[in-house]
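# Observations on the model geometry
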Amino acid sequence: MTPGRFEDWLTVDSKGLYCRPGDFHVDPSSAVSRAVITHGHSDHARPGHEAALATPETLAIMDARLGEGAPRRKQAASYGEPIKIGDVTVTLFPAGHVLGSAQVLVEYKGARAVVSGDYKRSTDPTCAPFTLVPCDLFVTEATFALPVFQHGDAGAEVAKLIKSVEQFPERAHVVGAYGLGKTQRLIALLREAGYERPIYIHGALQSCCDLYESFGVPLGALSPATGAAREDLRGAIVLAPPSAIADRWSRRLPDPLTAFASGWMRVRARARQQGVELPLVISDHADWRELTNTIAETGAEEIWVTHGREDALLHHIRSTGRRGRALALIGREDEDQ
Amino acid sequence: MKAFSALLDRLAYTPSRNDKLRLMADYFAGAPDPDRGYALAVLTDGLFFRVPFRRIFAEMLEARVDPVLFKLSRDYVGDTAETIALLWPAREESQEPPPLAEVVKAVQDAKPEAITRLLAGWLDQLDATGRWALLKLLTGALRVGVSARLAKTALAQWSGKPLSEIEEIWHGLTPPYQPLFAWLTGNGPRPDIRGSAVFRPLMLAHAIEERELAAITPSDFAAEWKWDGIRVQACHQGGAKRLFSRTGDDISGAFPDVVEGLPEGAVLDGELLVMRGGDVAPFNDLQQRLNRKTVTGAMLKSHPAHIRLYDLLFEGDEDLRALPFMERRARLEAWHGTHAPSRTDVSEIVAFESIAELEALWAGARETGIEGLMLKRHDSPYIGGRPKGHWYKWKRAPLMIDAVLLYAQRGSGKRSSYYSDYTFGAWREGEHGAPELVPVGKSYFGFTDEELKQLDNFVRSNTVDSFGPVRQVMPKLVFEVAFDSVHHSKRHKSGVAMRFPRIHRIRWDKPAEEADTLQTLQAMIVD
């Protein structure tokens, strides 16, 4: 692979990653005429695009979350279905991150570039598993790109939550979880672990849960936490957006025990800073080992890093003899926060 | 190791005392012997390992981790032991980690050069929480917010045995406490500790209320000055000399000067003070000698310690605790007359005919270090704990200033949704002569739950800036802050440090300009 060859047709402009021969952006940070969207999280799926290509699930999520801001023209692409755009061919493959999340394979003049968006390799009952796509250029996230991040078995973390409910049956267990993806995965994991009781949810989580169910992901009995009798919430599991768990909203709960489901919970200072009493290390992002293994398995000799802890990952990429480049895209957030 | 790591992990994140008790009680109920005994030793600070961790960590990491990645990780995590625990390459196949007891014994028996391999082997078998717990346990930096007293309280709650009985025998026992657990589970007799130098629970006083004060019959009570030091128990029994804090922590190592001269056979109750030339030094001076494992020669000279004796609990084999106070007092005076141990004196009995006279005496007492008065019933036996109706403490009215709320920080636990920790300031002349507020103290109690809600609302609607969990507010709310004393401090920008400040009253009515000045506070400094 000649150095600099990809830069000729995949560039970074003020709105993010741009494919010149296809005339589209991938996950642009503001409104564009044509976008390919990897998944529905708000830092990837921005409002106001004229046209967007994405999986049917991602398009439905954008409709539900963006309302008026949803793309005016939508093109649904199934996983594995090649689509010609200008001079390139685009194919979406499962990224394993959340429902509908996709990696974008762009083929141009015999070269294969994969923009992976956000991804994880560990199992998730609520979305299609990550598919490895061999390529020459792999564009990766680096949210948890430090060797201290090893996410471990999410089932064991859910077992910790269930044990705490048994140990403290008079306390409402309020779990901070991001509304799209984490919430539904947590519910599905609880159900897998045999937890049959109704799970109470904050109003902001309802629409995404409905959407998952409409795509055939069963979540069991859910009840709105707002308006529930205080006594009913004793010993109950209550899910809420992270911003609500230790703020005024949580005062309605009886003696709340604050839990938080996030990859960041692996670091103690991080959990303590947020006043978390029960940290649950459950992440929808690749951990260090998944990132480094994936990079190796794609066979790519060139790796671009979009956002996160680029320093460590670039050090790894270069010390394993690959070409690495930090894209420093603006507008990306750690949505676990 | 698994159950123990899970316990430490939960304790580290659990702010509530009662919840900590429940977590420990559940552990003691479920864990086998001798694991739970070693766990108890860890929680009560009873295990020390002399292991060169710096060298061991360096050796282990060199073979396993890229130094650049380690540094980036360490910077992110902020703690070396935790970083190692987190980035240790996990094995694919899970293995049963060794029991806690096995780990403790192996480290105690291992040759220094064998420890690195031993430790690496365990780290391979444990998960991240287990690795963290192991490293914390071995480096002795647990920080899970459990005192020895709390761990013993958990034992009492779980077993149904009174805490005072556990305290009574505690210091006669050693890890892994097999006879103790046998007794607690009904499988053995109560361990016998007669004649050994162990801590006996202290008798504590109640704060007197006005109506109780009015009901006091002067002829039934003895009065003593209440000195501003720390309550201690000193003993020399079974060949060992010991000094214990009021919670039973052994602080002998830091106070060789007072321990040295203790005559054989005595168990004494008194106040530990720093004294120079017969005068009690301010509490701040004693503070310099507390919370240390050992003491320097220079410190022994500049801050000499002394015990002012209140009571005699044992003389030889004779347990005096059932005797009335006045009889014990006579025995104490006779004993002190016979042995005249260095660095001790007997607390003075303040004669009084009426409460009014006592109050006048007190008002006239100009000595530093007097914190108030103690009133003890002549016929009180010595009962560990805080029995009602025997001893009263009558403390000096606290000092008070009006200060302005400057910053509020989120609380923890039940209060994590509230801005409940308040930093307040006093006025001083700033640059160019304009008045400015300088922080003088911080407090998170003294107010009611209802007031907390009002304060939280005030903070949210008057925020001018925020830094993580801290909000800076408009300087316009005045607190009447009560405190015990104020001292010079180099660590604080204001140059003063308040002792035990609490929010006495919220002065919603008072304009901030009328709050007190730093000068007012400086004038209250006694040292």
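Starting afresh in each chain, residues are numbered from 1 along the sequence in its written order. Throughout, the order in which chains and ligands are written sets their labels, letters from A for the former and numbers from 1 for the latter. Predicted model: local features are reported for residues with pLDDT of at least 70 only, side-chain atom pairs are reported and counted for 80 or more only, and whole-chain, interface and lining totals are derived from all residues.

Moving on to the overall build of chain B. Helix and strand counts for chain B come out as 20 helices and 21 strands. We compute the radius of gyration from the C-alpha atoms alone; for a globule the expected value is 2.2 Å times N to the 0.38, where N is the number of residues. In terms of overall size, chain B behaves like a compact globule, its C-alpha atoms giving a radius of gyration of 27 Å where 527 residues would be expected to give roughly 24 Å. Counting only C-alpha atoms and orienting by the principal axes, one finds that chain B spans roughly 80 × 70 × 45 Å. Residues counted as buried form 36% of the 527 residues belonging to chain B. Residue pairs at least 24 apart in sequence account for 70% of intrachain contacts in chain B once pairs closer than 6 positions are excluded. Helix and strand definitions follow DSSP, with helices as H or I runs of at least four residues and strands as E runs of at least two, each counted in order from the N terminus. Buried residues are those with 20 or more other C-beta atoms within 10 Å of their own C-beta, exposed residues have 12 or fewer, and partly exposed residues lie in between; C-beta atoms are placed from the backbone. Any residue pair is listed as a contact if its two C-beta atoms, each placed from the backbone, are within 7 Å.

This part covers the pairing of strand E18 (residues 478-483) of chain B. Residues and elements named next belong to chain B. Should DSSP find at least two bridges between two strands, the strands are taken to pair. Note: strand E13 (residues 399-410) against E18, six bridges, orientation antiparallel. Note on E18: the bridge partner recorded for Ala403 is Phe479. Pairing analysis gives five bridges linking E18 to strand E21 (residues 502-507), with the strands arranged antiparallel. Each residue of the ladder has a partner; that of Val481, found in E21, is Ile503.

This part takes up the domain arrangement of chain B. Assigned domains within chain B: domain 1 (2-139), domain 2 (206-395) and domain 3 (399-522). For domain 2 of chain B versus domain 3 of chain B, the separation of C-alpha centres amounts to 35 Å. Where each domain starts and ends comes from a domain assignment, either automatic or drawn from a database.

Residues and elements named next belong to chain A. The alternating pattern of strand E15 (residues 237-240) places Ile237 and Leu239 and Val238 and Ala240 on opposite faces, both of which are buried. Pairing of strand E13 (residues 199-201) with E15 involves two bridges; the strand directions are parallel. Following the sheet pairing, Tyr200 is matched in E15 by Val238.

The next subject is the interface of chain A and chain B. Many descriptions give the size of an interface as the accessible area lost when the pieces come together. Of the residues lining the interface, 26 residues belong to chain A; the matching set on chain B comes to 23 residues. The set of elements that each furnish at least two residues to the side of chain A that touches chain B consists of helix H6 (268-273), strand E17 (278-280) and helix H8 (310-319) of chain A. Here the side of chain A that touches chain B is built from residues that sort into 12 nonpolar, seven polar and seven charged. All residues other than Ala, Val, Leu, Ile, Met, Phe, Trp, Tyr, Cys, Pro, Asp, Glu, Lys and Arg, Gly among them, are scored as polar; the first ten of these are nonpolar and the last four charged.

Right, let's get into the domain arrangement of chain A. Residue and element names in this part refer to chain A. Each domain of chain A was delimited in the assignment, giving domain 1 (6-148 + 285-326) and domain 2 (154-280). Here domain 1 and domain 2 have C-alpha centroids that lie 29 Å from each other. Residue composition of the side of domain 1 that touches domain 2, by class: eight nonpolar, six polar and two charged.

Next up on the list: the sheet that holds strand E6 (residues 73-76) of chain A. Pairing between the strands of a sheet is mediated by backbone hydrogen bonds and can be parallel or antiparallel. Residues and elements named next belong to chain A. Read across the sheet, six strands follow the order E1-E2-E3-E4-E5-E6 without closing on themselves; strand pairing throughout is mixed. Only two strands of the sheet have a single neighbouring strand rather than two, namely strand E1 (10-13) and E6. Pairs of neighbouring strands in the sheet enclose a mean axial angle of 30°, with direction left out of account. Pairing of strand E3 (residues 24-26) with strand E4 (residues 34-36), which is carried by two bridges, proceeds in the parallel orientation. Paired with Val26 across the bridge in E4 is Val36. Comment: axis = line fitted to C-alpha atoms, over the contacting stretch for helices; angle = value between 0 and 180 degrees taken between N-to-C directions.

Here we take up the confidence of the model for chain B. Low pLDDT marks stretches whose predicted atomic positions should not be read closely. Looking at chain B as a whole, its pLDDT mean stands at 90, while 98% of the residues score no less than 70. Here the prediction assigns the complex a pTM of 0.78, and the interface score ipTM is 0.92. A residue's pLDDT is the predictor's confidence in that residue, given on a scale from 0 to 100.

As a further point, take the environment of A:Trp288. Residues and elements named next belong to chain A. Note on placement: Trp288 falls in helix H7 (residues 288-298). Classification of Trp288 as buried rests on a count of 24 C-beta atoms within 10 Å. Distance from Trp288 to Ser42, taken between C-alpha atoms, is 24 Å for residues 246 residues apart in sequence. Excluding anything up to four places from it in sequence, Trp288 contacts Phe144, Ala145, Leu146, Pro147, Phe149 and Gln150.

As for its position among the elements, A:Val36 is in strand E4. Sequence-wise, A:Val36 and A:Asp118 are 82 residues apart; in three dimensions their C-alpha atoms are separated by 14 Å.

On to helix H6 (residues 80-87) of chain B. Since the α-helix advances by 3.6 residues per turn, residues separated by three or four positions end up pointing in the same direction. A large share of H6(B) lies buried, amounting to six of its eight residues. Here H6(B) has its buried residues at B:Glu82, B:Thr83, B:Ile84, B:Ala85, B:Leu86 and B:Leu87. Looking at the buried residues of H6(B), the elements they touch are H6 of chain A together with helix H4 (53-62), helix H5 (67-77) and helix H9 (128-139) of chain B.

All names here are of chain B. Along the chain, Leu134 turns up in helix H9. With 26 C-beta atoms packed within 10 Å, Leu134 lands in the buried category. Distance from Leu134 to Gly238, taken between C-alpha atoms, is 36 Å for residues 104 residues apart in sequence. Residues contacting Leu134, with those up to four places away along its chain left out, are Val103, Trp122 and Leu126.

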